[in-house]
Amino acid sequence: MFNFPDLPINVVKPKEPVEAKIVESKICTLESSPNFIRHITIDVSGTPLVGQFKAGQSIGIIAPGVDKDGKPHKVRLYSVSSPSNGENGNPNLVSTTVKRVLDEDWETQELFTGVCSNYISSRKAGDTILIAGPSGKRFILPDNKLDCNYVFFATGTGIAPFRGMLIDLFESGFKGHVALLFGAAYRTDLLYYKWLSDLEKQYPNFHYKIAVSREGRRADGTKTYVQHLILDYKEELSPIFAQENTLMYICGLEGMEAGIYSNLASLGFYSYMKAGRNIAEKPATEWTWEDYKNNVKPSDRTMVEVY
Ligand code: NAP
């Protein structure tokens, strides 16, 4: 039922990267977000990478300089957020979504700044960078994409591949149902919010649901996370999960996966996971983290890219 294309990968190898030019870098959070998250578009014209990056794959970016051991920085992977025919339909352009990693070590109080995310976030239009790729074979839409329904789960910058996939679907005349369930800490961090809200108004078959974790609490005192949306919107989402031709994609923070499976299991949707017999017989509301870790794996209709 689901046929996935066999996409070429590493057309440009990380050991022999090519130069490409940044053409645009713009903030994609709402105003006044405390985070710095940018939609960055790169021109790959004149390289073997033209037309090669499909939604769901990743771009390899190599920061200049050396690491603490004096070795050249390793390639870092960033999800493509442009559609499969390129940003704005231009096969020379590929986009990604990058958050500046800025953190403080709790014990030493040292400031930690992610090497590549800060490098790329500081580059401006006209600057060149070294890139390679594409990578990723599995986290993509099937060949027969218009014959399926989709539920996309994203936290933070994990939304990147779904921007491209949504454009791929709606620009091809998609008539099925697609849900994007997105989790962010604050409302200011709702990525691509204006575009997604407009898309929701334009397409009744697009179901856009948001979990904001740090503004307000649930009745039981916990934060609202993306996995809660399965139950919060069960009347609207269950008919989509129930279709045999629905695929599920999960991208972002690893922690969301367990809650997604247990909430789906509590509604009887076991076909999105391979659950060991001992856990399938236990009520999903009683699953522990160990139960999940040792017994539950994604099924063939579930695609996962988490860190
Ligand atoms: P973030 O801002 O740290 O988190 C986004 C939201 O997820 C917040 O509301 C956060 O809540 C919530 N969250 C935390 N723990 C959770 C859990 N166990 N279950 C559900 N939600 C949870 O996100 P980010 O900094 O953008 O990070 C996104 C992650 O995605 C990064 O690790 C990045 O590397 C990864 N990513 C992966 C890919 C890929 O695999 N291709 C692509 C893009 C991004 P609280 O903080 O309030 O608890």
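In this report, the structure presented in the accompanying data block is examined.

Definitions and limits used
- In this convention, every chain numbers its residues from 1, walking through the sequence in written order.
- At least 70 in pLDDT is required for a residue's local features to be given in this predicted model, at least 80 for side-chain atom pairs to be given and counted, and no such filter applies to totals for whole chains, interfaces and linings, which use all residues.
- Only heavy atoms go into the side-chain values, all of them from the structure, while hydrogens and water stay out.
- Each residue is placed in one exposure class: buried if its accessible area under a 1.4 Å probe, protein chains only, is under 20% of its type's maximum, exposed if it is over 50%, and partly exposed if it falls in between.
- For helices the rule is a DSSP run of H or I covering at least 4 residues; for strands it is a run of E covering at least 2, with both sets numbered from the N terminus onward.
- Strands are labelled as partners when DSSP assigns at least two bridges between them.
- Counting of polar contacts relies on pairs of N or O atoms within 3.5 Å, with two restrictions inside protein: one atom must be capable of donating a hydrogen and the other of accepting it, and residues adjacent in sequence are counted only when both atoms are side-chain atoms.
- The axes used here are C-alpha line fits, helices contributing only the stretch in contact, and every angle between their N-to-C directions lies in the interval 0 to 180 degrees.
- Working rule for contacts: check all heavy atoms of both residues, and any pair within 4.5 Å makes them a contact.
- Patch construction takes residues with relative accessible area above 30% that form no salt bridge. Like charges are linked within 9 Å, and nonpolar side chains (Val, Leu, Ile, Met, Phe, Trp, Tyr) are linked within 5 Å.
- Accessibility throughout is a Shrake-Rupley quantity obtained with a 1.4 Å probe, and a residue counts as covered only by protein chains that appear here.
- One speaks of a salt bridge when a side-chain nitrogen belonging to Lys or Arg is within 4 Å of a carboxyl oxygen belonging to Asp or Glu.
- Only four residue types enter the tally: Lys and Arg on the positive side, Asp and Glu on the negative side; His and the chain ends are excluded.
- The atom standing in for a charge is NZ when the residue is Lys, CZ when it is Arg, CG when it is Asp and CD when it is Glu.
- Throughout, the protein atoms alone are placed on a 1 Å grid, and a set of points is a cavity if a 1.4 Å probe fits but cannot get out or a pocket if it is open with protein on both sides within 12 Å along at least five of seven lines; lining residues have an atom within 4 Å of a point.
- Grid points are joined across faces, edges and corners, and a volume is the space filled by probe spheres set on the points.
- Ten residues, namely Ala, Val, Leu, Ile, Met, Phe, Trp, Tyr, Cys and Pro, are considered nonpolar, four, namely Asp, Glu, Lys and Arg, are considered charged, and the remaining ones, Gly among them, are considered polar.
- We call Phe, Tyr and Trp rings a pair once their centres come within 6.5 Å, taking the six-membered ring for Trp, and we label the pair stacked below 30 degrees between planes, edge-to-face above 60, and tilted otherwise.
- A ring is considered to have a charge above it if a Lys NZ or an Arg CZ atom is located within 6 Å of its centre and within 35 degrees of its normal.
- In this text, near means that some heavy atom of the residue lies within 4 Å of the molecule or strand in question.
- What decides whether a molecule sits in a cavity or pocket is whether more than half of its atoms lie within 2 Å of the grid points.

### Concerning the pairing of strand β2 (residues 37-43)
- A large share of β2 lies buried, amounting to five of its seven residues.
- Pairing analysis gives six bridges linking strand β1 (residues 18-27) to β2, with the strands arranged antiparallel. Counterpart to Ser25 in the pairing with β2 is Ile40.
- Two elements, β2 and strand β5 (residues 93-99), share seven bridges in a ladder whose sense is antiparallel. Residue Ile42 lies in a different strand from β5, and its bridge partner there is Val94.

### Here we look at the side chain of His207
- In this structure, His207 sits in strand β11 (residues 206-212).
- A polar contact is formed between the side chain of His207 and the side chain of His177, at a distance of 2.8 Å.

### Describing the sheet that holds strand β15 (residues 302-306)
- Reading across the sheet, the five strands line up as β11-β10-β9-β12-β15 and stay open at both edges, with parallel pairing between neighbours. With one partner strand each, in any of the chains shown, β11 and β15 form the two edges of the open sheet. Each neighbouring strand pair of the sheet contributes to a mean axis angle of 10°, computed without reference to strand direction.
- When strand β9 (residues 149-155) meets strand β10 (residues 178-184), the two strands line up parallel, connected through six bridges. Counterpart to Phe153 in the pairing with β10 is Leu181.
- Together, β10 and β11 form the strand contacts of helix α3 (residues 193-202), whose direction differs from that of β11 by roughly 140°.

### With respect to a positive patch on the surface
- Together, Lys68, Lys71, Lys74 and Arg76 make up a region of like positive charge exposed at the surface.
- Assignment of secondary structure puts Lys74 in the loop between β3 (58-62) and β4 (76-79).

### Side note on empty space enclosed by the protein
- Throughout the structure, instances matching the rule amount to one cavity of 30 Å³ or more.
- If you add up the space inside the largest cavity, you get close to 60 Å³.
- Taken together, Leu49, Gly51, Gln52, Phe53, Ser82, Pro83, Ser84, Asn85, Gly86, Pro91, Leu93 and Val94 form the lining of the largest cavity.
- For the lining of the largest cavity, the residue count by class is six nonpolar, six polar and no charged.

### As for the packing of aromatic side chains
- All told, the structure shown has 16 aromatic pairs when counted by the stated rule.
- Ring centres of Phe170 and Phe174 lie 5.9 Å apart, and the angle between their planes is 80°; on these two criteria the pair is classed as edge-to-face.
- When its relative accessible area of 8% is taken as the criterion, Phe170 is described as buried.
- On the basis of an interplanar angle of 45° and a centroid distance of 6.3 Å, the ring pair of Tyr193 and Tyr208 is categorised as tilted. With Tyr193 in helix α3 and Tyr208 in strand β11, this residue pair connects regions lying 15 residues apart in the sequence.
- Through a chain of ring-to-ring contacts, the aromatic side chains of Phe139, Tyr150, Phe152, Phe162, Phe170, Phe174, Tyr193, Tyr203, Phe206, Tyr208 and Tyr249 assemble into a single cluster.
- Arg163 extends its terminal NZ or CZ atom over the ring of Trp195, reaching a point 5.9 Å from the ring centre.
- Note that Arg301 overlies the ring of Tyr272, its terminal NZ or CZ placed 4.2 Å from the centroid.

### Some remarks on the site of the ligand
- Neighbouring the ligand are 21 residues, the closest being Ser79, Lys99, Ser213, Arg214 and Tyr225.
- In the environment of the ligand, an oxygen atom lies 2.7 Å from a nitrogen or oxygen atom belonging to the side chain of Ser213.
- Contact between the ligand and Gly255: a nitrogen atom at 3.4 Å from a main-chain N or O atom of the residue.
- Here the ligand has 930 Å² of accessible area as a free molecule, and 78% of this is covered by the chains.
- Using a 2 Å cut-off from the grid points, one finds that the ligand occupies the largest pocket.
- The set of elements that each furnish at least two residues to the shell around the ligand consists of β10 and β12 (246-252).
- Split into classes, the residues belonging to the shell around the ligand amount to seven nonpolar, ten polar and four charged.

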